Structures are given as C-alpha cells and as structure tokens.
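# Coordinates in review
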Amino acid sequence: MCCCKSPVVWAAEAPQKQLYSLPSQPLSAALLQFARTTNQPLLYDPALLEGRQAPVLYGEFEPTEALNQLLAQQPLEAIPREKGWLIKAKAVVEQPAMAAAIPASKTQKPPAAMEVIAIRSTVVAEQNAVTKAVLPQAKTLKREAMIAQDSLVADDITDFPALNLANSLLRLPGITINREWGEGRQISLRGLGPDFTRVQVNGMEALGTSSSPMDARGAVSRTRAFDFNIFASELFNQIDVKKSFSADQEEGGIAGTVNLHTAKPFDYDGPKSSISAQLGTNSNTNSSDPRFSAVFSELWSDIGALVSITHSVRSTNEYGSNTTRWRRETGKQAADSSNTELQNLLDSGELWFPRGQRFSVWENEQNRLGITTALQYKPNQDFSLVLDWMHGKLENQLAEHHMAVKDNNLVNSLIWRESTGNKSGDKEVVYASYKNASWRNESREDYNESVFDQISLAADWTATADLQIRAMLGHSSSDYSQPLLQKLNIEAKKKADIITDFSQDAFYGRSSSTDFDVTSIEGYTVKDLFFQSNFIYSSFDNAKLDVDYQLSDNNTLKFGIHYKKFSNSGFEQEASGFPYNNATPKNQGMVSLNPAQVQIYRGHQDQSWLEGNIAAVQNFYGLSDFALTAANTLSNTVYDLAEQTKALYLLYHHDLDLAGSPLRSRFGLRFFDTQMSSQGVSYMQPASINRNYSGYLPSLDLAYELAEDMIWRVGLSKNITRPSLDAMAFSVYVSKTSLGETDIGQISTGNPELQPYDSDNFDMALEWYFESAGLASVAVFYKDINNFIQTKTEQRRYSELGLPADLLPDGKTVNDIFNLSSPQNSGSSGIQGFELALQRDLDFLPAPFQYSGVIANYTWADGDTLYPNVENSGQSQRKAFPGLSKQSYNLTLYYETKVWGARVAAAYRGKYITAVESGSIDDDERGYHASTNLDFSAYYRLNAHIKLNLEALNLTNQRDELYSDSSDRAYNSTYSGRTYMLGVTAEF
C-alpha cells in the first residue's frame, strides 16, 4: 500500500525513522544489515573493520542516527555522499592515542574501497502519508532465509488480482492451483499434490475444509489438503512458502510449508486505518457482487490493538458438458435388425461410448467472512506478547441442473474415429443416433458451510543480547457442515430419439432430440428423490517453546520442544428410495407430473430443458419438512481419528568467512513421536486401533555469498508426510454414482495401519539480487519418497462384505460384483525439477518506459510412481504423481508510477493427472488438460489517501477440461466466465 503523493503537492520528505533490531556482532556484518535496511551504499576499506565489534542497536532512528550509533565507539566516521556514506578513519593528528589503537598496517594501506550494494528496505515495505509498516520486503525475506523460501508481503498480495488466498499464492514459483467456480481452492507445490503441503496460520498448523459440488473434483474434502478458498487474501500481510525442510520446522510437509501471517498492531509505527470496497460481476451471471475489507490498528504506548475484517458475496455459474467417462460396450443393439454391418461393429467390443453425455450447470451464492484481531504488548524491542484470534466462514448455497442421456442402447447410426491420445487404435464413437433413449434431468440444492476459528498466544523475549526465547500456545478448529443436500430426478423413460455429437468439438459434446421437446412436460415422470448430509470436524492444539542462544559472535545454538494434538471425525447421513419406499408419507409410487411441479431451466448457454421443482415435488410426497436424523446416519461412515505428536530439535548455526566471503551454515536434528488412534466401523463391525511411530529428521543448510549480491544455497534434509485422513480412517464408502446394468460399483475403505511417506530431500539454488531493482534465481530440487501410498483394488461380491443392502446404488443387488479398493504402502518414488525466476524493474529503459517491469517464473518437475492393476488389467504401470504438472509458469508485465499503474498476469499450468483408479474399467487415468489464465489489474491514486482499482480475472474465459484415459477422451468441460471488479481503497 505505497502512498504516492500527487505531483502537484509533492514536497521533499524528511528522512524517515526506521525500526532497527541488530544484535552485537562484527561491525562488517552490522554495516551490511544497515545498508540493506536503508537501501543506501557504503564505501569503506575492509581492513578498517577487521576485529571490530558493533554494539547492540535497538529502536527507531533516522539513517544517519543509526549509523552514528554503530560507529560511536569506533575510531571511524561516516562522511555523507550524494548517495550513501563513506566510512573512514577519524583524523588522528590531535589524538595520537587513538591512532595507536589502529594497527599501522591498516592505516598505511591505500584505501581499497568496497561498495556494499544494498537491497530494498528490510524494515519498510509500505508507507503512506500518516503510517508506515515496519515489515520486511519479500525479496529480503528470501535473501535472509537459510532455506529455499519465497514470500509475499502486503503489497504483493494486493497488487495482483485475486479472489482468494490461493489466487495470490499462484504467483510464486513452483505453485499451481486447482479451481472451483473460477477461483483457486487447493495448491500443488513443486509437483506434489495438496496433501503434501503443510499450512500454518501465525506459526500454528491448521486445516481448512470445504467441498466441490462435482464428484470429478473430489466432492467433500476428507484429506489433509488445505482449502484456501475459505480465506480472502486481504486477511494476511505476509505469506512464507518454505520449500525445503529444517529441523526447527514441524514435520509433515514433504512438498513444503505455507505460513500465513495476519497483521499485528506493532507492524505499523502508529495508528492505521484502511477501508476497501469493491463491486464485481461475472459474465455468466451478470450479478452485482459486493466485497469489503477494512483494517483498524491503534497503539497506546506499549499496547496495541488491531482488527481486520473482510466480507464478500459472489454469485457464480459454471456450465458445461460432461460424459461420466467412456466405456467399451458390447450390449448395444442396432435399431434396424437388418443392419448386420452395424450390429457386427457393436458386437466387436472395440467401440468406446460416452457413458451418458450431459449438459450441466453449477450455480452458487457464496458468502465469505473473515475476521482477525490482535492484542499486542510490546514495552520495548526485547519483548512482545501477542494474543491473536481469527475467524473464517465460507457459506455456499448451491443449485445444480443437469440434462443427461440415458438408456441409449438402440443405435440407428454412428461415426467413430481412432483415439488421438497415447493409446492408438481405440475406436471412439464421436457421433451416434439412438432410438428410444431416455432424458434424465436432475435438479439439486445444497447448503454447506466451512467455519475456521483459531486463538493463539505468542511471546517473544530477548532476555539478553545472547538469549532469545519464543513460546506459543494455541487452538484451532475447522468444521465442515453440509446439513442437507436434496436431489430430484425426472425422466422421459425411453421416449426419445437422441443424437449425441462430439464430432465438432471432441471435448464438448452436444445432445438433442428431433422428435421430443425437452422443455415440455409430456413424457416426463418422477424417477427419485434423495437426501444427504455430511459433517467433518477437525481441531489442533499446539504448544511450542523455542530458544536461541548465541554462543559467540559466529555461533548460535537453537533448540525447542513442540507438542501438537490433532483430531478429525465425521459421518454421513442419507435417505433415498423416494417415492417408492414405504417411508414416503403420501402418494407413494405415484410418479406422474403436473405443470405446478416443473419449470423450464434456462441457465445453460447452449440448451434449455424441463426440470422438477424440488419444493413442489417434495410437498406432493409429504416431504417438505423432511429432516435427516441420527436414524439416517450411515454407520459405515462414522469415524474418529486422533494424533498426538511430541517433538524436540537441536539446531547449530555457524557463520564464517570462506575465501573472503561469508558462509552461513546450519545443521539440525529433529525427533518426533506420534501416537495415533482410529475408531470406526469395518465391514459393519466396530473397530479401533492405537499405534505409534517415531523418527529422526536431520537437516543441513548452507548459504554462501559468492559475491555481494549473489547467494548460493544448498539444503539436505529428511521429512515425512502423514497419510490422508480418509486413508487412515476406519470407514467404508459405497459410491452412489449412477450405474448401468453392466457397470461395476465402487467401494472404498480406509487403512489405519498405513505408514507415513518419508522423503530424502536435496535443494540447491543460486540467487542474484539487483540492488533495489529485483532478483534472478535458479533452483533445483530432488526428493526420494519412500512408503508411497497406492490404492489397490480387488473384486468382491457385495454379500461377502457384511454391508447393508440399503447402501446399494440404484440397480444393484447384494449378488453383484463390486470393486473394493483400499490404500496400501508401496515402494519408493522420486521427483526432481528446477525453477527459474526473474523479478526486475526495467528502470534502465528510457522515459517513459522506466516505470515498467517484469515478474516471471518457470517450473519443470518430473516424477512418477508405480500404480497397480491399472484399468483392471492386472498389470502395474508407471505414471506421474497426482497433481504433477510437468511445466508451469507465471508471467507478469507491469507499469507503475506514483499516481497510476497496471499489470497483466498470465498463469500457465501443464497437463496433470488427478487419479489413477485401480480396478477401473473405464480409464487408466484421469486428469486436466493444460490451461492458461490471464488476469489484469490497474490502480489510480486520487491523492495520498484514496486509490481507485480495477481487476479483471480469466479474461479469455479459459475452459477447464477434465479428460478420461490416456487416450484423451472428454470427461468434463466447463466455463466459469470472466470476473470484473471495480473498487476504491482509503488509507489513513
């Protein structure tokens, strides 16, 4: 939130005071930190500083005051220059005793001045006419870190167009996101999926749980993946993405750790007020969507208080075409029995048909609220005590609308073509005319909410110049509730001749009838009604104690004790079989429809159709007040998982000079012990398990300044990732996906005996910092992952599993065969890759282009693992990790002056696999095609306090394409529309 004064009223500014917190250290190191803080160069003879020690420097000073404090006890003085200072020995004519204190060898040498090239301020990242923030800049955080790290601070977070926190994280190297209604939900880091990234809020591990209305996108999240769409990005003023592991970090994130920091009152040097309001719309909805955020902070001597709030309402419409995957079928018949050529082709078993082309729309009224408060006591620079509270709530009021082709067994004619994917020779039916097929139209309503709460108390005490102690206590909870999902299907059973056509667009099929009006009530009847609810509860209790002790000028010992308790539980409720079952209050078995019970849905861009009115049909059957109760709880879904982890670590930090350049080194060892318990139901029998596992996690980090602005990093470490929550739980899930007569149903179960993934990691990077103008870096990484978890499948008769018949999907009996899948530890796998990054102000260009700049990064990653029983073949195949895009990049071009600015940002993500379902006969994999999202933002400052802003997201209306099988067949293609937001921000 840089304040840029109007050119008309801009006046010369007095030097700003800045906050310094420098320990006693070699004078050369202190001056280097000073130069980085002030962004001013220093010229000096290195020999003058040899053997000299700087005093402790704490407090707020103007640059000249701070420099004089550092030199106060030295026989040196600072001479101001046009830019920066010259450090030289004081005149010795009048003070011979002082001259004696300086070795003759040093004073007799001709001064070999060396320039310390400073980076941008390490303590001032943003300021306005009233208040400035005393926070590090992202580039500074990266440079001073001992590990591979990228950061975002307040300016970075607000400069980019973003609907939520995931969209902000997307701009960092190595991060890709999956999207829901056009906004980010979960992240993958360096090719590893969301489960492998650990998330902390204010230094405490946390979990955020939401859901997708699409089964193809995972539906309700029962994993360790953090759903970032719960939070607006404005709630945070610093985000650190730690891509390598160090012993002082909590274990758990093989891919890395994302630490989210909310603002504190002493982050600012005085009172702070900021209010922002936006009004947005989307091309698919034409709605008016308000968005509001505010920050208020006040300091009273040594006590400060801060509150921030964000609130947004957003209407979305994601529409498209899908197939529920494809299948090689043999049971279809030629409508003309005399057409033997067609019948022979249908009987060949070589044709792949879409299981049911469907037009779909997912609508949502989203309401997102976020609140943070911080109460801070800071009597001096040596002590800080902060009480943080955070609340987040995401509410989704959803409506789904689908028109699907079913019972397409009689074929008039068809056109097929060979697959264009990895499998050659597959014959895909891209056009077919069906006789006496069915239209099945579904309407669904769903309300769900995700509620996150966290409270923590953190203390930071510099007891002496050599001893620092940090402590934290905290509790967080993340609860997901879907109290009622209700669904109604109506159908025109075998009433229509239907044409399904993929010939014009292989990933966007269209179906139509020439002899049947899909908007007329004639021919439609009620098929079924369905009710469901889902509940997931998670919580963390954390306690930490960390101690830093400086053994000498160049040696520091760090150690700490960490305690964490995690619990996760959940259950589902369900009621189905209406209106045929005996639980139907009235009109049981009556399926005819009247005009008051239907309506024409016109929300799809390509087709309108008739759908049932849920409220009216429920009223007809006496179900208007129906509510799921404990009696509807599915006992096979009830589970309770708990983990208790105790850990301690020791970390030794040593600084030295190597060939005249500073080398920072750090070696550490972490020990953890986890006790795990899992309770639930296994094959309708109560089951429980208690076990523990432990391990040692070493780390070694080196950071060597090859030159004044060039750092070479090396990291070696070992880390773990605990298995997904649904994989560890005692529970059984029977898929209710609509099945054909020959389709095999799917049943999945957990495995509490799973061992965590463990990984040996290597990281190396070279970073070059261009004064205040930017940086360039190249990084390589490799991870050797053991205990990789795969899903293994076997075919079992339903009656052998001890499960109740009421869990069966429609059309299945207890005598049918099902695929029973469960997670199992397998062998080892590896992932490797590299990152390239460039951030550069193009200030060397002639006017007016000197205000332009570029931010670019590129990531290449490659890793695979062995999947068993692929496509129910009994064979294992090596395929990429789920979520791994081999290539991804971000490219941002910007032009920014003090008064106005604009930036265009492109984000590319390559093709990636989402799942390899062991035992599936429909596909050997499924995943997403490559995509490029283009966004735009601009601002104009009316004065030092008020700024107008414009954001536009998904400018090209990128189509998301989910594919089925390595033959690359259409699964689900959707458009989420373009989003536009116009707003104003006032800062005081």
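Residues numbered from 1 in each chain as written. Predicted model: local features only at pLDDT ≥ 70, side-chain atom pairs only at ≥ 80, totals over all residues. Heavy atoms only, no water.

### Notes on the overall build of the protein chain
- Across its full length, the protein chain holds 11 helices and 55 strands.
- Against the compact-globule benchmark of 30 Å for 988 residues, the protein chain has a radius of gyration of 32 Å, which places it among compact chains.
- Along the three orthogonal principal directions, the C-alpha set of the protein chain runs to about 120 × 65 × 55 Å.
- The 988 residues of the protein chain split such that 57% are buried. (Helix = DSSP H or I, 4+ residues; strand = E, 2+ residues; numbered from the N terminus. Rg over C-alpha atoms; globule rule 2.2 N^0.38 Å. Buried < 20%, exposed > 50% of the residue type's maximum accessible area, 1.4 Å probe, protein only.)

### Here's the deal with helix α3 (residues 63–71)
- Within α3, the full set of buried residues consists of P63, A66, L67, L70 and L71. Across the axial projection of α3, the buried residues extend over an arc of 130°, all falling on one side. (Arc of directions from axis to C-beta.)

### Thoughts on the domain arrangement of the protein chain
- Domain parsing of the protein chain yields domain 1 (18–88) and domain 2 (274–987).
- Here domain 1 and domain 2 have C-alpha centroids that lie 50 Å from each other.
- Contacts between domain 1 and domain 2 engage 10 residues on the former and 9 residues on the latter.
- For the pair domain 1 and domain 2, the summed buried surface comes to about 760 Å²; carbon and sulfur atoms form 46% of the total.
- Counting the contacts that link domain 1 with domain 2 gives 1 residue pair in polar contact (both at pLDDT 80 or more).
- Secondary structure elements with two or more residues in the side of domain 1 that touches domain 2: α1 (27–38) and β5 (57–61). (Domains from an automatic or database assignment. Contact = heavy atoms within 4.5 Å. Buried area = accessible area lost by both parts, 1.4 Å probe. Polar contact = N/O pair within 3.5 Å; in protein donor to acceptor, adjacent residues only side chain to side chain.)

### Some points on the side chain of Q249
- Summarising the element assignment, Q249 is placed in the loop between β16 (236–242) and β17 (256–262).
- If near-sequence neighbours (up to four positions away) are discounted, Q249 is found in contact with I147, R198, K242, S244, T257 and R670.

### So, the sheet that holds β17
- With respect to topology, 5 strands assemble into an open sheet ordered β11-β16-β17-β14-β15, the strand pairing being mixed. Only two strands of the sheet have a single partner each, and these edge strands are β11 (149–153) and β15 (204–205).
- When strand β14 (residues 197–201) meets β17, the two strands line up parallel, connected through 5 bridges. If you follow R198 over to β17, its bridge partner there is T257. (Pairing = 2+ DSSP bridges.)

### Description of unusual backbone geometry
- Here F578 and P579 are connected by a cis peptide whose omega angle stands at 5°.
- Among the structural elements, P579 can be located in the loop between β31 (555–578) and β32 (598–601).
- Geometrically, the link from A847 to P848 is a cis peptide bond, its omega value of 0° lying close to zero.
- Within the element layout of this structure, P848 appears in the loop between β44 (829–841) and β45 (852–867).
- Look at R325: it is not a glycine, yet its phi comes out positive at around 70°.
- By secondary structure assignment, the location of R325 is in the loop between β20 (303–322) and β21 (326–328).
- In the Ramachandran plot, N957 falls in the positive-phi region, its phi being about 50° despite a non-glycine side chain.

### Things to note about the sheet that holds strand β42 (residues 789–797)
- Here 4 strands make up an open sheet; going across it, the order is β38-β39-β43-β42 and the pairing mixed. For this open sheet the edge positions go to β38 (732–734) and β42, each flanked by a neighbour on one side alone. Shown here is a sheet whose adjacent strand axes are inclined to one another by a mean of 25°, direction ignored. (Axes fitted to C-alpha atoms, helices over the stretch in contact; angles between N-to-C directions.)

### Considerations on the confidence of the model for the protein chain
- Per-residue pLDDT for the protein chain has a mean of 87; in total, 92% of the residues score no lower than 70.
- A low-confidence stretch, residues 1–14 stays under pLDDT 50, and its non-local contacts, those more than four residues away or across chains, total 30 contacts. (pLDDT = per-residue confidence, 0-100.)

### Some words on the packing of aromatic side chains
- Inspection of the entire model under this criterion finds 30 aromatic pairs.
- Ring geometry for F516 versus Y524: centroids 5.6 Å apart, planes at 70°, classification edge-to-face. Each of the two residues, F516 as well as Y524, counts as buried.
- Residues F671 and Y696 carry aromatic rings whose centres are separated by 4.9 Å and whose planes lie at 45° to one another, so their mutual orientation is tilted. One end of the pair, F671, is in strand β35 (residues 661–682); the other, Y696, is in strand β36 (residues 685–707), and 25 residues separate them in sequence.
- On the accessibility criterion, F671 (26% relative accessible area) is partly exposed.
- Within the aromatic cluster, the residues linked to one another by ring pairs are F226, F228, F231, F236 and F452. (Phe/Tyr/Trp six-rings, centres within 6.5 Å; stacked < 30°, edge-to-face > 60°.)

### A word on the nonpolar core
- Residues L169, F228, F231, I239 and V258 are the most contacted members of the largest nonpolar core, which totals 48 residues.
- If you list the elements that add at least two residues to this core, you get α8 (165–169), β12 (175–180), β13 (183–189), β14, β16, β17, β25 (383–406) and α11 (725–728).
- Excluding residues that lie within four positions of it along the chain, V258 makes contacts with L169, I187, T197, R198, V199, Q200, F228, I239, D240 and V241. (Core = buried A, V, L, I, M, F, W, Y, C linked by side-chain atoms within 4.5 Å.)

### Notes on the pattern of salt bridges
- Summed over all chains, the structure comprises 56 salt bridges.
- Note that E251 is salt-bridged to R670, the shortest N-O span being 2.9 Å. Separated by 419 residues along the polypeptide, E251 in the loop between β16 and β17 and R670 in strand β35 bring together distant segments of the chain.
- Across the pair R510 and D606 runs a salt bridge whose closest N-O atoms are separated by 3.7 Å. You can see R510 sitting in strand β29 (residues 510–513) and its partner D606 sitting in the loop between β32 and β33 (609–612), a full 96 residues away along the chain.
- Take R510: its relative accessible area is 38%, and that puts it in the partly exposed class.
- Residues participating in the shared-partner salt-bridge network are K142, D150, R190, K243, R713, D763, E767 and E835. (Salt bridge = Lys/Arg side-chain N within 4 Å of Asp/Glu carboxyl O.)

### Overview of helix α9 (residues 340–347)
- Burial in α9 covers these residues: L342, Q343 and L346. Projected down its long axis, α9 carries its buried residues within an arc of 100°, all on one side. For α9, the exposed residues set more than 90 degrees away from the buried face come down to T340, E341 and N344.
- Where α9 is buried, its residues touch β22 (333–334), β23 (351–354) and β26 (410–418).
- Within two residues after α9, G349 carries a phi angle of roughly 75°, on the positive side.

### A word on the pairing of β16
- Of all 7 residues making up β16, 7 are buried, and the element is well covered by its neighbours.
- Bridging between β11 and β16 involves 5 bridges; their strand directions are antiparallel. For Q149, the partnering residue across the bridge sits in β16 and is K242.

### A look at the pairing of β31
- Sheet analysis places strand β30 (residues 525–552) next to β31, joined by 22 bridges and oriented antiparallel. When the bridges of β31 are listed, I536 appears paired with G570.
- Following β30, the chain reverses through 2 residues before pairing antiparallel with β31.
- In this structure, β31 lies alongside strand β34 (residues 639–658), joined through 16 bridges in antiparallel fashion. Note that in β34 the partner of H562 across the bridge is A647.

### Focus on the environment of N408
- If you trace the backbone, N408 turns up in the loop between β25 and β26.
- N408 has contacts with K332, P354, Y434 and A437, leaving out every residue within four places of it along the chain.

### Notes on the environment of N167
- As for its placement among the helices and strands, N167 is situated in helix α8.
- Residue class for N167 comes out buried when judged on its relative accessible area of 2%.
- Separated by 24 residues in sequence, N167 and R143 have C-alpha atoms that sit 24 Å apart.
- Each residue touching N167, except ones within four places of it in the same chain, is listed here: A162, I177, R179, G182, E183 and G184.
- Engagement of the side chain of N167 in a polar contact is seen with the backbone nitrogen of G184, the distance being 3.1 Å.

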